[in-house]
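The residues making up each chain are set out below.
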Amino acid sequence: MPFTRQLFLLLLAVTLQTHAYSSTSVSGISIESKAVRYDREYTLQATILGYFDADGTRNPVLKAQKGEMVRIRIVNGERMTHDIVLEKLGVKSEVLVEKGDTASIVFKAVANDIYFCSIPGHRAAGMEGKFEVVDGPIVKEKTIAGQVPQQGGKALNLGFERGTLQDWKATGDAFADALLSQDPSPLHDKDMEIGFSGKYFVSSGGTKNHKATGTLTSVPFTVTHPFASFKVSGGALQDTRVELVRADNGEVFFQISGSGRATLQPVVVDLTPVLNKEIFIRIIDNETGISQIPYIGDDKFAHINFDDFLFYPARPNFPNELKKSDIIILPPLDPVIHSGLSGAEAAKSMTTEEGFSVTLAAAEPDIVRPISFTLDARGRLWVAEAHTYPVRAPEGQGKDRVLIFEDTNGDGTLDKRKVFMEGLNLISAIEVGMGGVWLGSAPHLLYIPLDEKNDKPAGPPQVLLDGWGLDDTHEILNSFRWGPDGWLYGTHGVFTQSNVGRPGAPDAERTKLNAGVWRYHPTTKQFELFSEGTSNPWGVDFNDYGHSFITVCVIPHMFHAIQGARYQRQAGEHFNPYTYEDIKQIGDHVHWVGGRGPHAGNFRSDAKGGGHAHAGAMVYLGSEKWPREYRNNIFMNNIHGSRVNVDLLNREGSGYVAGHGDDFLLTNDTWSQWLNLRYDPSGSVFAIDWYDKNQCHSPNPDVHNKTMGRIFKISHETDEWVQVDLSKASDKELVNYQLHKNEWYVRTARLILQERGPNKKVHKALKKILNDNPDVTRKLRALWALHVTRGLKEKDLLALLDHGNEYMRSWAIQLLAEDRNLSDTALKRFADLAKADSSALVRLYLTSAIQRTAPEKRWETLEALLQREEDKDDHNMPLMLWYAFEPTVPTDVNRAADLALKARVPHVLPFTIQRVGAMKTAESVKVLESLQQRLEKMEQSHENHEIQALIKKALATK
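Rules used in this analysis
- Residues numbered from 1 in each chain as written.
- Predicted model: local features only at pLDDT ≥ 70, side-chain atom pairs only at ≥ 80, totals over all residues.
- Heavy atoms only, no water.
- Phe/Tyr/Trp six-rings, centres within 6.5 Å; stacked < 30°, edge-to-face > 60°.
- Buried < 20%, exposed > 50% of the residue type's maximum accessible area, 1.4 Å probe, protein only.
- Lys NZ or Arg CZ within 6 Å of the ring centre and 35° of its normal.
- Pairing = 2+ DSSP bridges.
- Helix = DSSP H or I, 4+ residues; strand = E, 2+ residues; numbered from the N terminus.
- Core = buried A, V, L, I, M, F, W, Y, C linked by side-chain atoms within 4.5 Å.
- Contact = heavy atoms within 4.5 Å.
- 1 Å grid on protein atoms, 1.4 Å probe; cavity = no way out; pocket = protein on both sides within 12 Å on 5 of 7 lines; lining within 4 Å.
- Points joined across faces, edges and corners; volume = space filled by probe spheres on them.
- Nonpolar A, V, L, I, M, F, W, Y, C, P; charged D, E, K, R; others polar.
- Polar contact = N/O pair within 3.5 Å; in protein donor to acceptor, adjacent residues only side chain to side chain.
- Axes fitted to C-alpha atoms, helices over the stretch in contact; angles between N-to-C directions.
- Parallel < 35°, antiparallel > 145°, perpendicular 65-115°, else oblique.
- pLDDT = per-residue confidence, 0-100.

A. Representation of the packing of aromatic side chains in the model. Overall, the coordinates contain 50 aromatic pairs when judged by the stated rule. Between Tyr630 and Phe635, the ring centres sit 5.4 Å apart and the planes meet at 50°, which makes this aromatic pair tilted. Both residues of the pair, Tyr630 and Phe635, count as buried. Here a set of aromatic residues connected by ring pairs shows up, and it is made of Phe160, Trp168, Phe221, Phe230, Phe254, Phe306, Phe309 and Phe311. Sitting over the face of the ring of Phe116, Arg123 holds its NZ or CZ atom 4.0 Å from the ring centroid. Here the guanidinium or amino end of Lys324 rests over the ring plane of Phe254, the centre of that ring lying 4.7 Å away.

Structure below.
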């Protein structure tokens, strides 16, 4: 036995002597000690729907006698991440990933507890149950006996025990061979337990013949008892269901589907309203289960199983009763009618709002696999083709290229095409500006200097940063966008681990990141993580006030990206272990039927908005002639929904709430995969389409189509094509463009001014706009242009802290803190604002800015912010305050405890106790003991008791 394995098992044996532990099955080796005796064992199947017992009970109440050693074993029922945690005891299993993986927790039964899945969103989806410690023996409840319904004095064949379909009539082919008498049945997978009563049950095809459809209807019979039960299993689909129907008027008075499992479970029906009336049973299967998604197989549970209809004189109780509330039913398939169209056919097949039209701007072979694009100062499209994706090629063998497209006559087609550069490797993002082309090419951020006269590289690619991960190549650095502050912004996914820095930099000078928003400054060469968390963001843009928003997939999709924030993660832990809780999305909705996992609702979520995977982010600020409801709201493509969603961004508190607007466009094509959208000088919108039958990332290159791609142009009837070249504009013209109604001119002109550098005349003209223009959005544009051209001094920004508009004060705060070197004067002003400013937005910017200074300099500002009780229910402030406050705790633990005790916003006190407890020093123990004594003398309340319990727990682990 290798020494490492001996050491591993020795350490494990020691671990098993502790109060509670977790285990998992790894490479076929059980890491549980056989010496441990389990007084009581449970095995549960873990799915996003919940934890299931063998008899189908969802989230069963698990019981044990006090003092018993209990093992709860979970088996992964699907290819999703799951675990199991005991809430109070704190014991947690390993995380399951693959279907069939197992893990366990073992503990002593000492008190009632809650078991749940700790993966973000899974507990809320229903993966939660009770564990109870009981006195006396644990026995199963008995159910009263039922009676077979009769008609004409004869028992009906509603349990199929005659071995025939007598008393039933079938239509279609689903019930042609419906009668089954084996478990597992020949129509189901071998690992499925049906659990039917007697000798027979019926199925509409099982998992083997799930594509069949039809109905099975019983003869009418009289209701003679107030209650009934029957057993059902199979698909949790709208079109696989059991109906109870009144014979006199055809009214369906009860219906239920299966729960998405094979095990038959009893359903109880209250028949009191139909006593003495005739009813009949109708078993319906109108669902084929045929998948429209190439990477997801057909739904085997597009069938229904039924058995044993019985009457009862009183309500029967079944431990494994199936209730409607336990079932998340998927609607029928969405009517997405097209696939595999030519570019011209695809454009014609789209549905737009009135006044809009779609033009095919370019298609294969002129454009193939477009993954990212941007517009230059002439309104031309620079498009990156990702031929190398999904696997980076050996050095020198990359096949990606950058193309330049131009519409020379205004007909909507990109009739002029140039190749800027070929032989690039795993390109995932592109932006132009500051004299060159910026490319994401993991593990590198590249810069290619540009010969603007000839549209050719002026030199070889330069590696500005390296260390970008390749773990999951559809979650690498992406979606480049110039921010109003002059930084290059981008996004990054959760399953790729990066450690970014300049080439050759040691770890101490690098930044670790996975999910989040990052930024890089083109002149100072600084790199930083702007905000952390989410899932796989693939789009970032800014509204009229310079606030950034990102669109993501899998977990809730819409986040207001705040500097220094930490957001709900799809997986993994935050880099700061003392985060404790993260900020959730701003959306008041999701675009998919999401209760059954990320893919279950795809092509079934039309009413919700389409599906779970979003790509691209465009806050529309183009033509002022477009319908007003689009301006300052965010567009994103919903890949599985074959449509462009619009979320409405409305200010609330320190941030925003995103409501669900009407969908902007339907592609009506399952192969459509728009990856980004941008508006041009005319206000029209270009969109790139990675047109592919496969709609999900795969590391297998052969899964993806390699010959197709499109660019579409979406125009409003008021759009007027223009030819421009802002690179030839004078400085004065560029300043005046800051007042243009189309933001494309504003951003492009600002970027050119930034490249040209400081200019006193430019600064004077911009300050006139800043001081005199009555529109705050124009003031902000002037402010940002002054900042990127280095036309602001600290005194200018300090003066703006007194401005009457909250947006101006907020941005003055951010720009003062840009270099992470706040002066004493600025810190004093921040503290004054923290005490007195009436704007939650200003206070939010203060929490972001104060994170950019040394912890020991934060006290005065934080002390004031923590007293602002009006922020206690704000979406962002309580947690943002904690992120700013937490680093101060170890610098002065006594002062931190005092401030936390006085805090008027939630989280700060309990999180401070946890943070102090984690220090595990003599000083931290004294602080906790002192805090406990102070709390005992205060007025007793539920919150007070909870805090005291938290302190006791922290002290118990010292």
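That shown, we press on.
B. Examining the sheet that holds strand S10 (residues 128-134) more closely. In space, the 4 strands of this open sheet follow the order S5-S10-S9-S7, with mixed pairing throughout. Strand pairing shows two members of the sheet lacking a second neighbour, strand S5 (62-65) and strand S7 (85-86), which therefore form its edges.

C. The nonpolar core, seen in detail. Counting residues in hydrophobic clusters, the biggest one holds 195 residues, and the most contacted among them are Trp468, Phe664, Ile711, Leu783 and Phe885. The element contributing the most residues to this core is helix H13 (residues 877-885), with 8 residues. Ignoring sequence-local partners within four residues, the contact set of Ile711 consists of Thr359, Leu360, Ala361, Ala362, Ile367, Leu381, Val383, Phe405, Leu414, Phe686, Ala687 and Ile688. Phe221, Val267, Leu271 and Ile279 belong to the second-largest nonpolar core, a separate cluster that totals 33 residues.

D. Here's a closer look at the layout of surface pockets. When its volume is computed, the second largest pocket comes out at roughly 1100 Å³. Around the second largest pocket sit 35 residues that line it, and Thr57, Pro60, Val61, Pro319 and Asn320 are the ones nearest its centre. Every element with two or more residues in the lining of the second largest pocket is listed here: strand S3 (40-47), S5 and S10. The element contributing the most residues to the lining of the second largest pocket is S10, with 4 residues. Class assignment for the residues of the lining of the second largest pocket results in 13 nonpolar, 8 polar and 14 charged.

E. Just the side chain of Arg510, in detail. Here Arg510 shows up in the loop between strand S37 (498-500) and strand S38 (511-513). A polar contact is formed between the side chain of Arg510 and the side chain of Asp466, at a distance of 2.7 Å. At a separation of 2.9 Å, a polar atom in the side chain of Arg510 contacts the main-chain carbonyl oxygen of Ala505. With residues near it in sequence (within four places) discarded, Arg510 still touches Asp466, Gly467, Asn499, Val500, Gly501, Arg502, Pro503, Gly504 and Ala505.

F. Seen up close, the packing of helix H9 (residues 806-816) against helix H11 (residues 840-850). For the pair H9 and H11, the least separation of the axes is 9 Å and the interaxial angle reads 5°. Relative to H11, H9 is oriented roughly parallel. Between H9 and H11, the residues in contact are Glu806, Tyr807, Arg809, Ser810, Trp811, Ile813 and Gln814 and Leu841, Val842, Tyr845, Leu846 and Ala849, respectively.

G. Quick look at the confidence of the model for the chain. Taken residue by residue, the chain gives an average pLDDT of 93. The fraction at 70 or more is 96%. Contacts for the low-pLDDT stretch residues 1-19, under 50 throughout, to residues beyond four places or in other chains number 16 contacts. In this model, residues 24-34 is a region of pLDDT below 50 whose contacts with residues beyond four sequence positions or in other chains number 18 contacts.

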